[in-house]
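What follows is each chain in one-letter form.
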Amino acid sequence: MIGKLQGIVDHVGDGWVILDVNGVGYKVFTPDMPQATGHESQVTMWIETVVREDSIRLFGFATQAGLELFNQLTTVSGVGPKVALAILSTLKPDVLLPAIATGDSKTISSAPGVGKKVAEKIIVELKGKTVAGGSWLVAGDDKGSALSDLLSALESLGYRRADSAEMAQTLVRDNPDADVGTLVRLALKDISK
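Keep in mind that this is a model prediction, so the values were computed, not measured. (Residues numbered from 1 in each chain as written. Predicted model: local features only at pLDDT ≥ 70, side-chain atom pairs only at ≥ 80, totals over all residues. Heavy atoms only, no water.)

A. Structural view of empty space enclosed by the protein. Counted by the stated rule, this structure contains one cavity of 30 Å³ or more. Size it by volume and the largest cavity reaches roughly 50 Å³. For the lining of the largest cavity, the secondary-structure elements that each account for two or more residues are α3 (93-102), α6 (141-156) and α7 (161-174). Considered class by class, the residues forming the lining of the largest cavity number six nonpolar, three polar and two charged. (1 Å grid on protein atoms, 1.4 Å probe; cavity = no way out; pocket = protein on both sides within 12 Å on 5 of 7 lines; lining within 4 Å. Points joined across faces, edges and corners; volume = space filled by probe spheres on them. Helix = DSSP H or I, 4+ residues; strand = E, 2+ residues; numbered from the N terminus. Nonpolar A, V, L, I, M, F, W, Y, C, P; charged D, E, K, R; others polar.)

Below, the structure written as structure tokens:
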């Protein structure tokens, strides 16, 4: 099995890259698109090889933690590699992990192909598990409640959860004693910048 590839980005497609490793082009499906580094840049990817009856697919990640999170997601009933990749392409780990820890199924279901039932399964099966070398984020009840309330308030004002989750998490962390009203005002001030 292939565990890691280092090569040059030869072609960038929709959700995949061709990685040229010493003249051999590997098609790697990835949420970590190297657009920032550009075509013909040197990259290293941690690889999960998925063998099916009719295909062999490589899924690549910029970090080992990303690979571990992908593997955790695929242990959930109803979440295959394609859905796990869609989740990680839509939600950064620093948004996804708190959503799992706080039971925020709305944020998780914002990923394409993930309905409410699958999002709830992800929460039930992964909440409290450790991934990425022990860096699983577990929010306390107060912080989790404040985060959930803030996200709900912003959503009612027309902001998408997936777009505001990272900022909301930072506000809750930086203002541990603030009530939801104060957090909403801080969030709106942050958004207006």
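B. Fine view of unusual backbone geometry. Residues other than glycine seldom take positive phi values, yet N22 does so here, at roughly 50°. On the secondary structure map, N22 appears in the loop between β2 (16-21) and β3 (24-29).

C. The arrangement of the pattern of salt bridges in detail. For the structure on display, the rule yields three salt bridges. Of the charged contacts, one joins K92 and E166 as a salt bridge, the two residues approaching to 3.6 Å between their closest N and O atoms. On the criterion of sequence distance, the pair formed by K92 in the loop between α2 (81-90) and α3 and E166 in helix α7 is long-range, its members being 74 residues apart. Overall, the relative accessible area of 34% leaves E166 in the partly exposed class. Note that K116 and E120 form a salt bridge whose closest N and O atoms lie 3.9 Å from each other. Residue K116 and its partner E120 are both found in helix α5 (residues 116-126); the two are separated by four residues, about one turn of the helix. (Salt bridge = Lys/Arg side-chain N within 4 Å of Asp/Glu carboxyl O. Buried < 20%, exposed > 50% of the residue type's maximum accessible area, 1.4 Å probe, protein only.)

D. The arrangement of the confidence of the model for the protein in detail. Per-residue confidence for the protein averages 83 on the pLDDT scale, and 87% of its residues sit at or above 70. Of all secondary-structure elements in the protein, the lowest mean pLDDT belongs to α6, at 71, while β3 reaches the highest, 95. For residues 132-141, every residue scores under 50 in pLDDT, and the model assigns this stretch 21 contacts once sequence neighbours within four places are set aside. (pLDDT = per-residue confidence, 0-100. Contact = heavy atoms within 4.5 Å.)

E. Up close: the packing of α7 against helix α8 (residues 180-192). It is the contact of α7 with α8, at a shortest axis distance of 10 Å, that shows an interaxial angle of 130°. The angle between the axes of α7 and α8 places the two elements in the oblique class. When the axes of α7 and α8 are compared, the crossing they make is right-handed. On α8, the residues touching M167, L171 and V172 of α7 are L183, L186, A187, D190 and I191. Residue composition of the contact of α7 with α8, grouped by class: seven nonpolar, no polar and one charged. (Axes fitted to C-alpha atoms, helices over the stretch in contact; angles between N-to-C directions. Parallel < 35°, antiparallel > 145°, perpendicular 65-115°, else oblique. Left-handed = near helix turned anticlockwise from the far one by under 90°.)

F. Region of interest: the sheet that holds β2. Reading around the circumference, β1-β2-β3-β5-β4 is the order of the five strands in this closed barrel, with mixed pairing throughout. Averaged over all pairs of adjacent strands, the angle between their axes in this sheet comes to 55°, without regard to strand direction. Bridge count between β2 and β3: six bridges; the pairing is antiparallel. Directly across from V21, in β3, lies its bridge partner V24. The strands that helix α1 (residues 64-73) touches are β4 (42-51) and β5 (56-61); relative to β4, the one it contacts most, it runs at about 20°. (Pairing = 2+ DSSP bridges.)

G. Fine view of α3. Of all 10 residues in α3, eight are buried, a share of seventy percent or more. Backbone geometry just after α3 places G103 at a positive phi near 75°.

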